[in-house]
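If you want the building blocks of each chain, they are given just below.
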Amino acid sequence: MSLDMLTVLERCAEIELKNMELYDLFADCFADDIETARLWRKVARDEEGHANQFRLVAKMRSGGIESVNVDPWKAENAIKVVQSIINAVKRSPPSPEDALRSAIKLEEHLSAFHVECIATFEDEQLKKLFHAMMTVDDTHVKSLKEAYERCITRDRSLL
């Protein structure tokens, strides 16, 4: 495995860990809403699992992956984007609606950094394994959108 391939895989793991940090932070911010806090924790744990997947691929070092299709700079920049969001949330916690909207946009933007998007696999079974594991992100966006709609509906009913 080339140094660039290894670097991208490590950066992708860092992106997932930053997402985990952000979602745990959101769970802390909205701990009084048990259902939403539970969703944030679940998504955070899924992100941790994704980081472990990238680490597993990086540890393989040979076989299984033919190439990596993402520029290391783009991965590094994505880490900075997520860190800037974390810093902003720490300075001024967002409303539940803004947090959900931000997470939806982030999940959609970062989908380009999923294993099946960044890597060309030599091993078809490995490709299927990672594809199955990464489909969890589709449920993230769906769950976050549903929570956002519940939040908006609840706010409207209070008017």
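This section reports on the structure supplied with the text. (Residues numbered from 1 in each chain as written. Predicted model: local features only at pLDDT ≥ 70, side-chain atom pairs only at ≥ 80, totals over all residues. Heavy atoms only, no water.)

### Things to note about the overall build of the protein
Scanning the protein from terminus to terminus reveals seven helices and two strands. When the helices and strands of the protein are listed from N to C terminus, the series reads α-α-β-α-α-α-β-α-α. Taken across its 159 residues, the protein has 43% of its residues classed as buried. The long-range fraction of contacts in the protein, counting pairs at least 24 apart against all pairs at least 6 apart in sequence, stands at 84%. Accessible surface computed for the protein: about 8500 Å², of which carbon and sulfur atoms make up 54%. (Helix = DSSP H or I, 4+ residues; strand = E, 2+ residues; numbered from the N terminus. Buried < 20%, exposed > 50% of the residue type's maximum accessible area, 1.4 Å probe, protein only. Contact = heavy atoms within 4.5 Å. Areas by Shrake-Rupley, 256 points an atom, 1.4 Å probe, with all protein chains shown as cover.)

### Considerations on the packing of helix α1 (residues 3–29) against helix α4 (residues 96–110)
When two helices pack together, their arrangement is given by the angle between the helix axes and by the axis-to-axis distance. At a minimum axis separation of 12 Å, α1 and α4 run at an interaxial angle of 170 degrees. Classed by the angle they form, the pair α1 and α4 counts as roughly antiparallel. Touching Ile15, Asn19, Leu22, Tyr23 and Phe26 of α1 are Ala99, Ala103, Leu106, Glu107 and Leu110, all from α4. Of the residues contributing to the contact of α1 with α4, the split by class is eight nonpolar, one polar and one charged. (Axes fitted to C-alpha atoms, helices over the stretch in contact; angles between N-to-C directions. Parallel < 35°, antiparallel > 145°, perpendicular 65-115°, else oblique. Nonpolar A, V, L, I, M, F, W, Y, C, P; charged D, E, K, R; others polar.)

### What about the pattern of salt bridges?
Taken as a whole, this structure holds 13 salt bridges when the rule is applied. In this structure, the salt-bridge partner of lysine 90 is glutamate 21, at a minimum N-O distance of 3.7 Å. Of this pair, lysine 90 sits in helix α3 (residues 72–91) while glutamate 21 sits in helix α1; the two residues are 69 residues apart in sequence, bridging distant segments of the chain. Close ionic contact of lysine 142 with glutamate 146 constitutes a salt bridge, the shortest N to O distance being 3.9 Å. On the criterion of helical spacing, the pair formed by lysine 142 and glutamate 146 is a turn pair, its members being four residues apart in helix α7 (residues 136–157). Judged by relative accessible area, which is 55%, lysine 142 ranks as exposed. Each of Asp24, Asp28, Arg41, Arg45 and Glu48 takes part in salt bridges that share partners, so that together they form one network. (Salt bridge = Lys/Arg side-chain N within 4 Å of Asp/Glu carboxyl O.)

### Section: the packing of aromatic side chains
On inspection of all chains with the given rule, the structure shows three aromatic pairs. Each ring, one from phenylalanine 26 and one from phenylalanine 30, has its centre 6.4 Å from the other, and the planes form 35 degrees; the classification is tilted. As far as the burial class goes, phenylalanine 26 and phenylalanine 30 line up, both buried. Here the aromatic cluster, defined as three or more aromatic residues joined through ring pairs, consists of Tyr23, Phe26, Phe30 and Trp40. (Phe/Tyr/Trp six-rings, centres within 6.5 Å; stacked < 30°, edge-to-face > 60°.)

By themselves, these observations are geometric and do not establish any function.
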